[in-house]
Every structure is written in structure tokens, then in C-alpha cells.
Amino acid sequence: MSGDRGIVGEAGVMLPDERLDPEDPPQSVPGPRPDQRRVGRYVLVIVMCTLLLVPFVPLIFWSVSHRWFFPTIIPDQLSDRAWSYLLSERSQVLEGLTTSLTIALCVAVLAAAIGLSGGRALGLYRFRGKRVVELVLLAPVIVPAIAVAMGIQVLFIRYSLADTIPGVVLVHLVPTIPYVVLVMGAVFANYDVSYEEQARVLGANPLRVFLHVTLPAVLPGLIVAAFFAFLISWSEYIMTVLIGGGQVVTLPLLLFSFVGSDPSVAAALSLFFIAPAIVLMVLTSRYLSGDQAAVGGIGRA
Amino acid sequence: MSVSVELVELTKTYKGTAEPSVDGISMTIEKGQLVAMLGPSGCGKTTTMKMLAGLLEPTSGDVRFDGESVIDIPAEKRQVAMVFQKPLLFPHMSIGDNVAFGLRMRGVDKKTRKLKVSEMMELVRLPGMEERRPGQLSGGQEQRISLARALITEPDILLLDEPLSQLDANLRIEMRDLIRQIQAELGITSVFVTHDQEEAVMLADRIVLMLLGRIQQDGLPQDFYEQPATQAVARFFGTKNFVPGTVRGRRFESALGTLQLGQDHPDGEGMLVIRQEAIEIGPGANSFEATVQRAMYLGTHVRVWATAGGVGLQFTVPPGVRHEEDETITLRLPMAQTWVVPMEDRIL
């Protein structure tokens, strides 16, 4: 059991005698010896990495191949054509990357802000029609995106939001908000509001209560939720095409245009496309698991 | 600086509930006094406390500090500190930062904060623990840190919402004594909420007993044992014997016979309240015959169940005395120990 208790999570069910007492260290847990356990963990990490990375191997081969036909296991002729094309200005990859990043970051921030308030309401309060709200929230996940986007497109054209980045950001909020609100709802369900009352009587006004108490408590969950929103927006295709009208060119749009026509470029672009997700995942990994995990218990040693 | 507190017809009805949780309570707390607000869970004592602190808006009524209404002053500006049931130490801050929180919110500079923190750590007898993290302390230590954090801003009023209820027995006594000592030392007006009558009696200058959102009795600790206002109060303080009868002048006529009363009570029907330790064995004034039903040895004393005139009685005797079942004994009730409450078992 970790000694690092949070406002969110196990606080509240923690009994006093479960706390770490410096004078009475917990008895060592019987089980495999430490070195055995360490070997086991290494094996697990290697297996998981392999499972994650193997699908990328063909992509790497494709991206550097000149020709690659069955039954050769590795391409017999190599070429840097795909990569040099991608890095050239002609390919629009840099613009696509900038557009994608801008949109996904905006979506992540906006969805996080909305999810924070929505999730708080869902997690903390009981109100009439709460079940209905939860169902409506799930609707965008259930209803096909294309149906939603077709309807919204008409509205967006009227408000001249079609073919613009703000329009695409707005439409990306439709599939992302449900995830963020539901994740934050779960975070707030384990949240103890007494901490906020404690801060109030200590002289913190509502804004400072939020900054000094609420935000630090829900931050791990918020980061994970924002990460989800970023990834959904990052790989969104149909909605971007419909609302962006081909004027807002994100990486998925570029990628689609090469799939089928030029597998080498498509493979190289795919690798390019995955990179930010992996970087973000590494940066947020300590919130995805371990002591500060947003989802209680997962990954705890 | 310490202030007097006045609650005027304070009422709180939560949204969606018909019955008020706190029903028009009025009381005054003198400057520097420690008042225990006693009552079972759900009697409205925590709600009252939160209205005092400004965390809850009353439905009606007024809260006055030194005669001035504070009803429009938000919690963070009221100079009221509160210690909750759980220590509620902010988990992302060190112990030192936790204690300094109130000063930081008031814009006090770092150097002064540090000095003040170590002063407070001395006060709660945990010096040098500033660098520790909340998870590294025991429950009792955490609650003491919570107390230090509440006191660092030198509040006008200290509210303690069952701060001992989550501690084990030994720690509870230690913490109780510490609170009493610090309160006396600082002379801070304090309200201590508890459901434990023993705790209230040991700690407070005055006790306010609440049941179902209303004050049942407000007085000195001994009043609650010797002169309870109602049957409910007597029962809350552990009284088991109630004998119905009629008051006529200084006499009480009941199934136990006619007993002499120590005080004047209104004539008419009434309920005689007898504490377990009030009954004595042997003939004398106010004596009556009883039949022993059962006796249970409890180490320091023997508890005896008996019937007298069809009324069941429970009392304690010294451990040396042996009583057999169906034995007839003479009991007496000293005049000073008699007290009559209204017949109807009403909650005020």
C-alpha cells in the first residue's frame, strides 16, 4: 500500500491503522523472492514492448523500401524517396503537423475545461435527471460521427464556421467531451469536498481553493482525460473532412491521400503521425499508472 | 483576539427536505468559553457549525460575532478556524506548507511564515516535522497538525467538529487534554462538536445538547446528570430508571411508595429520574422494598436488576456485596438525588 494518500482515491476508506507508522514497519509480504520478482517484471516489460512495437516494423520497412514484394522478408531495394519527399516543402507535412497540433491542443484544453466542470457535477452532486444527462453524454460515442457531422455542417455553413480551424475544433469537441466528462466524473466520485471547506475556513477564496486544492487533487485525472481528447482529435478524419471542407488539412487527411497510391510515403507518414502520441504518452505515463495514477489501483506495486 | 458568538433563531432547511435540520436555535457563547455541542449524529450540530463558519447559508436567523451580524461575510473572511473529523491535510504539500497555508492565503511573507510554523509545531508538540509528508504521520499526529494549521492565523473562533472521533482511545485522551490546554492558553472562543457525552463533560465549560435540530438543554456539565430537562436528555446521559408518578408539593407518589423530593417541582404527573449510582442499599428515608432479578459482576462494581412495585430498576453496588436472585432487599433514594421531569417524553 502506498503511503502517498490523495484527496482523490483511497482517502476516506483509509483506516488509521492502515497508515504507515514509522515505528512499526509493515511485515514483508510473503511471496517470490525480490530478485525473482524483478526478473518477472523485466520479462513482462519486454513482452509488452514487443507487442506494442512489432506492428511498426513493417511500416519502417515500407518507408525505406524501393520495392517490397512477397515473399521477401525484408525489402531487397532500399530508398530514401519517401522520407525526403515528406521532409520537402512540397509534401505539406509541416503545415499538416502544425494544423493538427493546433487543433488537437485546443480541443484538449477546451475539453479538459468543460470536463472539469461537467465531471464535477456528475461525480459530486445528485440531481434530477442525472441518468438522462449521462446517457445524452454518451450519445456522441454511440451515434456515427458522419451523421453528427452532416447535421452540424449545415449549421456551421450558416455561421461561417465551415472550412475554418475554429469550426474543426468545435466539431472535434463533440466526440471528445463525453470521454473527458466521464473520466472526470469518475475522478470526482472519489473526491472529498471537505478539503475545499477546510481551505475556505483557512482563508482561501473560491479561486484560490480551486488553484491550491481542487486542481492539484484532480490533476492526474485531468491530464489523462486531456490526453484522451488530444488523441481523439489527432486521429479524427471524417469530421475534419466534412467541416474543414478540404481547407483545413490535418495529418490524417494527408495520410489518407497516400494510402493505396503510395504505400512507402503512407508508411513514413504513419510513423510521423504516431510520434506525438508516443511522446505524450511517455510524458503522462506517471499519471497513467503508479503512485499518482488517475485510475486508482492500476499499476500500483 | 477572541469574540463572543451569538446565534439568533438560526434555521437551516436543506433543499428537498421538509423538516429543518436546524430548527430555530438561539444561544450565546461568551468570549473565551469552550462550549461543547453534544448530540447524536444527524441532530444538526455539524450543520450549525458550518453556518457559524460561513460554509453554509442559513435559511433564516442570524450569526453575530461581538454583537455584529456576520451573515454576509464569506467563510474565508470570518476569522473562524475549523478542525474537521478527518485531518484533511493537503496531500500535495509538506507538513510545513500545510500549517502555513492560512498565512499564505493572507499574503504573509515566507520568512514570517516559517517562524510562525515552527512556533505552532512546538505548540502541538511536533517540532521539526515540517519537511515530512502527510502520509508519513500517524492519525493522531495528523490531527494535531490540523489543529496547528487552524490556529496559525490566530482566529477569533475555533470550531472543532468531532476531531477525536477517528482516533483510538489513548490518542483521544491525549488530544483532548492538548485541546483543553491550548484553548485555555490562547483564551480562544471555541465550540467543540461531539456525540460522546463523556468527552463533552470532560472538555467543556458548558454543554449544549441538541436533538432533532433543537437545543434540549444548555448548561453546566453536572446539570445534565443531576437536573436533566427531559427524559430524552436523561436517557442521552445514560439514565436507565424512569418511574411514573404524581408530584404533590414536596412529595412524589408512585409505585415505589411516597418519596420525599429534594427540590420543588410543579404539581401533577411527572417522571422520576433515577441515576444508576443514586440508589443505595439499606433502610432509611425514602426507602422501599425490591426483588433482585439478576446481578452481574463487573470488576469495579456489581450491576443489579430489580423490581419494586412492578417497576424495573437498574443500579450499581460495590463489588463486595453479593445479591442472590429473588432476594428481597431494602433500597433507598437519597432526597438530594431525586429529580422529576415532565411526564410526556417530548423533544423540545
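Position numbers for residues start from 1 in each chain and track the written sequence from start to end. Following the order in which they are written, the chains are lettered starting with A and the ligands numbered starting with 1. Owing to the predicted nature of the model, reporting of local features is limited to residues with pLDDT of at least 70; listing and counting of side-chain atom pairs is limited to 80 or more, with chain, interface and lining totals taken over all residues.

1. Structural notes on the overall build of chain B
Threshold: For helices the rule is a DSSP run of H or I covering at least 4 residues; for strands it is a run of E covering at least 2, with both sets numbered from the N terminus onward. Here the C-beta atoms are placed from the backbone, and a residue counts as buried if at least 20 other C-beta atoms lie within 10 Å of its own, exposed if 12 or fewer do, and partly exposed otherwise. Note that contacts rest on C-beta atoms placed from the backbone: two residues are in contact if these are within 7 Å.
A count of helices and strands for chain B gives 8 helices and 20 strands. For the C-alpha atoms alone, the extent of chain B along its principal axes is close to 75 × 45 × 35 Å. For chain B, buried positions account for 41% of its 348 residues. Across chain B, contacts joining residues at least 24 apart in sequence account for 67% of those joining residues at least 6 apart.

2. Details of the overall build of chain A
Scanning chain A from N- to C-terminus turns up 12 helices and 2 strands. Overall, chain A shows an N-to-C arrangement of helices and strands of α-α-β-β-α-α-α-α-α-α-α-α-α-α. Within chain A, contacts between residues at least 6 apart in sequence are counted, and of these 74% link residues at least 24 apart.

3. A few points about the nonpolar core
The condition that has to hold: In plain words, the nonpolar core is the set of buried Ala, Val, Leu, Ile, Met, Phe, Trp, Tyr and Cys residues that C-beta atoms within 7 Å link up. The split into domains, and so the bounds of each, comes from an automatic or database assignment of domains.
Counting residues in each nonpolar core, the largest one holds 143 residues, and the members touching the most others are V107, A111, V180, A225, A226 and A229 of chain A together with L159 of chain B. Among the elements that line this core, the one with the most residues is helix α9 (residues 206–234) of chain A, at 14 residues. Of the residues that make up this core, three or more belong to each of domain 1 (5–226) and domain 2 (241–342) of chain B. Leave out the neighbours within four places in its chain, and V180 of chain A touches A111, A112, I114, G115, A225, F228 and A229 of chain A. In this structure, V93, L254, F258 and F273 of chain A belong to the second largest nonpolar core, which totals 13 residues.

4. Structural notes on the confidence of the model for chain B
Selection rule: Each residue carries a pLDDT score, the predictor's confidence in it, ranging from 0 to 100.
Taken over all residues, the pLDDT of chain B has a mean of 89, while the share at 70 or more is 99%. Both scores are given for the predicted complex: the pTM is 0.77, the ipTM 0.82.

5. A look at the sheet that holds strand β8 (residues 189–194) of chain B
All names here are of chain B. Let me state the cut-off plainly: A pair of strands is labelled paired if DSSP reports no fewer than 2 bridges between them. Fitting a line to C-alpha atoms yields each axis, with helices limited to the stretch in contact; the angle taken between N-to-C directions then spans 0 to 180 degrees.
The mixed open sheet is built from 6 strands, whose spatial order is β6-β7-β8-β3-β9-β10. Only two strands of the sheet have a single partner each, and these edge strands are β6 (80–83) and β10 (214–219). Sheet twist, expressed as the average angle between the axes of neighbouring strands with direction ignored, equals 20°. In the sheet, strand β3 (residues 34–38) pairs with β8 via 5 bridges, with the strands oriented parallel. Opposite A36, over in β8, you have F192 as the bridge partner. Its contacts with the sheet place helix α4 (residues 139–151) against β6 and β7 (157–161), and it is angled at close to 175° to β6.

6. Describing the pairing of β3 of chain B
Side-chain positions along a regular strand alternate between the two faces of the sheet. Residue and element names in this part refer to chain B. Among the 5 residues of β3, 5 are classified as buried, and the element is accordingly described as predominantly covered. By the alternation rule, side chains of β3 split into L34, A36 and L38 and V35 and M37, which are all buried. Where β3 and strand β9 (residues 206–211) come together, 4 bridges link them in parallel fashion. Bridge pairing in β9 places M37 opposite V208.

7. Comments concerning the packing of helix α5 (residues 130–142) of chain A against helix α7 (residues 165–189) of chain A
Residues and elements named next belong to chain A. This is how the line gets drawn: Here the word oblique covers every angle except those under 35 degrees (roughly parallel), over 145 (roughly antiparallel) and from 65 to 115 (roughly perpendicular). The crossing is said to be left-handed when, going from far helix to near helix, the turn is anticlockwise and less than a right angle, and right-handed when the turn is clockwise. Nonpolar residues are Ala, Val, Leu, Ile, Met, Phe, Trp, Tyr, Cys and Pro. Charged residues are Asp, Glu, Lys and Arg, and all others, Gly as well, are polar.
Closest axis-to-axis distance for the α5/α7 pair is 8 Å, and the angle between their directions is 135°. Our classification of the angle between α5 and α7 gives oblique. Judged by the sense of rotation from one axis to the other, the crossing of α5 with α7 is left-handed. Judged by residue contacts, L137, L138, P140 and V141 of α5 engage V174, P175, P178, V181 and L182 from α7. Here the residues of the contact of α5 with α7 sort into 9 nonpolar, no polar and no charged.

8. Overview of the pairing of strand β1 (residues 5–12) of chain B
Residue and element names in this part refer to chain B. Across 5 bridges, β1 lies against strand β2 (residues 22–29) in antiparallel orientation. Following the sheet pairing, E6 is matched in β2 by T28. Looking at chain direction, β1 and strand β4 (residues 60–65) are connected through 5 bridges and run antiparallel. The residue bridging E6 from the neighbouring strand is R64, located in β4.

9. Considering unusual backbone geometry
All names here are of chain B. Of note in this structure, L212 is not a glycine but carries a positive phi near 45°. Within the element layout of this structure, L212 appears in the loop between β9 and β10. Classification of L212 as partly exposed rests on a count of 18 C-beta atoms within 10 Å. Phi angles above zero are rare outside glycine, and D326 is one such case at about 65°. Along the polypeptide, D326 turns up in the loop between β18 (311–317) and β19 (328–332).

10. What about the sheet that holds strand β16 (residues 287–297) of chain B?
Residue and element names in this part refer to chain B. Here 5 strands make up an open sheet; going across it, the order is β15-β19-β16-β17-β18 and the pairing antiparallel. In this open sheet, the two strands that pair with only one neighbour each are β15 (280–281) and β18. As paired elements, β16 and β19 share 5 bridges and run antiparallel to each other. Counted as the bridge partner of E289 is T330 from β19.

11. Thoughts on the packing of α7 of chain A against α9 of chain A
Residue and element names in this part refer to chain A. Put simply, α7 and α9 touch, their axes get as near as 9 Å, and they point 160° apart. On the basis of the axis angle, α7 is roughly antiparallel to α9. Of the two possible hands of crossing, α7 and α9 adopt the one that is right-handed. Contacts between α7 and α9 involve H172, P175, T176, Y179, V180, V183, M184 and V187 from the first element and V218, G221, L222, V224, A225, F228, A229, I232 and S233 from the second. Class assignment of the residues belonging to the contact of α7 with α9 gives a composition of 13 nonpolar, 4 polar and no charged.

12. Some thoughts on helix α6 (residues 145–158) of chain A
The α-helix winds at 3.6 residues per turn, so residues separated by three or four positions along the chain end up facing the same way. Residue and element names in this part refer to chain A. We count it as follows: Here a helix's expected span is defined as the number of its residues, less one, multiplied by 1.5 Å. A residue's bend is given by the angle between axes fitted to the 7 residues ending at it and the 7 residues starting at it.
Compared with the 20 Å implied by 1.5 Å per residue over 14 residues, the 20 Å span of α6 between its first and last C-alpha is a close match. Where α6 bends most, the angle comes to about 25°, and this point is I152. S160 sits one or two positions beyond α6 and adopts a positive phi of about 45°.

13. A short note on the environment of R275 of chain B
All names here are of chain B. One can find R275 in the loop between β14 (268–274) and β15. We classify R275 as buried; it has 20 C-beta atoms within 10 Å. With 241 residues separating them in the primary sequence, R275 and L34 have C-alpha atoms 27 Å apart.

14. Quick notes on the confidence of the model for chain A
Residue and element names in this part refer to chain A. Across chain A, the average pLDDT comes to 81, with 85% of residues at 70 or higher. Averaged pLDDT values over the elements of chain A bottom out at 77 in strand β1 (residues 65–67) and peak at 93 in helix α8 (residues 194–201). A low-confidence stretch, residues 1–5 (pLDDT under 50), is modelled with 14 contacts involving residues beyond four sequence positions or located in other chains. Counting interchain partners and residues more than four positions distant, the pLDDT-below-50 stretch residues 9–28 has 21 contacts.

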